[in-house]
Structure formats: structure tokens, C-alpha cells
Amino acid sequence: MIWGDTPRWQAYKGIETETGSTLAAVEETAGIVLSHNGAVVESLYAASDQIVREVHKGFGMSQNGANQLAQQQYNYQQILAHFYPGTRLAWLQFSS
């Protein structure tokens, strides 16, 4: 299957179209946030590097950029460090 970075490829078609691995990934990462110096990072994400450059002024991760690093055998921690230096993953804790 060929993928693209136009709005056609970004449409969400509902939970019934999600795969088991997608649902498992969501459950396994529930409550995990990107943090820097103890604060939650507002991470900017777009489909393409062009969108990141134009809309986010060059700051943020793109689907294509992350995929290119994954193809080079980067793991998710290395990909996050590439796009968001100095950050880490943290558990968001709720108090009752």
C-alpha cells in the first residue's frame, strides 16, 4: 500500500477501522507524556516535513521524518530525542 501526506491520508475513519496492534499501543502508552524539566511538552506533529517547516516554523516531528528514522533502525526513544532534544517520557500521575 502506498501512503501519502495529503489530507486524504489523514482522515480518521473510526475505531472500527483500527487494528488490534493500534489499540494495544494506545492501552500500553496511556498516561505517558513527553516532558522537559518536569513539565509536559506541547509537541507539534504533522504529516510531512514541509508542513512542519511552514506551519510550525521548523519545530516538530513529522510522520515522514519519524518513518525515515525508523527505517534507519532508530527506536522510538532515539526518534523522540532527535525531534525533541532534552525531553524524556514520563508517566502522568493523577491524584484523587
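Numbering of residues starts from 1 in each chain and follows the order in which that chain's sequence is written. Whole-chain, interface and lining totals are the exception, using all residues; otherwise, since this is a predicted model, local features are given only for residues with pLDDT of at least 70 and side-chain atom pairs are given and counted only at 80 or more. Working from all heavy atoms in the structure, the side-chain values ignore hydrogens and water.

Caption draft 1: Broad picture of unusual backbone geometry. The backbone of N37 shows a phi angle near 50°, a positive value even though the residue is not glycine. For N37, the location among the structural elements is in the loop between β1 (32-36) and β2 (39-40). The backbone of Q73 shows a phi angle near 75°, a positive value even though the residue is not glycine. Runs of H or I in DSSP of at least four residues are treated as helices and runs of E of at least two as strands, each being numbered from the N terminus. Tracing the backbone shows Q73 in the loop between α4 (63-71) and α5 (76-83).

Caption draft 2: Inspection of the pairing of β1 at higher detail. Should DSSP find at least two bridges between two strands, the strands are taken to pair. Of the pairings in the sheet, the one linking β1 to strand β5 (residues 88-91) comprises 4 bridges and is antiparallel in character. Bridge assignment links I32 to a residue of β5, and that residue is W91. Pairing of β1 with β2 involves 2 bridges; the strand directions are antiparallel. Residue pairing in the sheet places S35 in a bridge with V40 of β2. Where β1 hands over to β2, the hairpin turn is made up of 2 residues, of which N37 adopts a positive phi near 50°.

Caption draft 3: Spatial organisation of α4. Only protein chains enter the area calculation, which uses a 1.4 Å probe; residues under 20% of their type maximum are buried, those over 50% are exposed, and those in between are partly exposed. Listed as buried for α4 are G65, A66 and L69. For α4, the angular spread of buried residues about the axis comes to 95°, placing them on one side. In what follows, a contact means two residues having at least one pair of non-hydrogen atoms within 4.5 Å. Close packing links the buried residues of α4 with α3 (49-55), β4 (61-62) and α5. Looking one or two residues beyond α4, the residue adopting positive phi is Q73, at roughly 75°. Picture the helix axis, draw a direction to every C-beta atom, and the arc is the one those directions span.

Caption draft 4: Seen up close, the confidence of the model for the chain. On average, residues of the chain score 83 in pLDDT, and 89% of them are at 70 or above. You can read pLDDT as the predictor saying how much it trusts each residue, on a scale of 0 to 100. The secondary-structure element of the chain with the lowest mean pLDDT is helix α1 (residues 7-10), recorded at 66, while α5 shows the highest, at 91.

Caption draft 5: Highlighting α5. For α5, the set of buried residues is I79, L80 and F83. One side of α5 holds all its buried residues, which, seen down the axis, span an arc of 95°. Buried residues along α5 sit in contact with β1, β4, α4 and β5. Taking the backbone nitrogen of Q77 as reference, a side-chain oxygen 2.9 Å away marks N75 as the first, capping residue of α5. Any pair of nitrogen or oxygen atoms within 3.5 Å is treated as a polar contact; in protein, a donor-acceptor pairing is required on top of that, and neighbouring residues in sequence qualify only through side-chain atoms on both sides.

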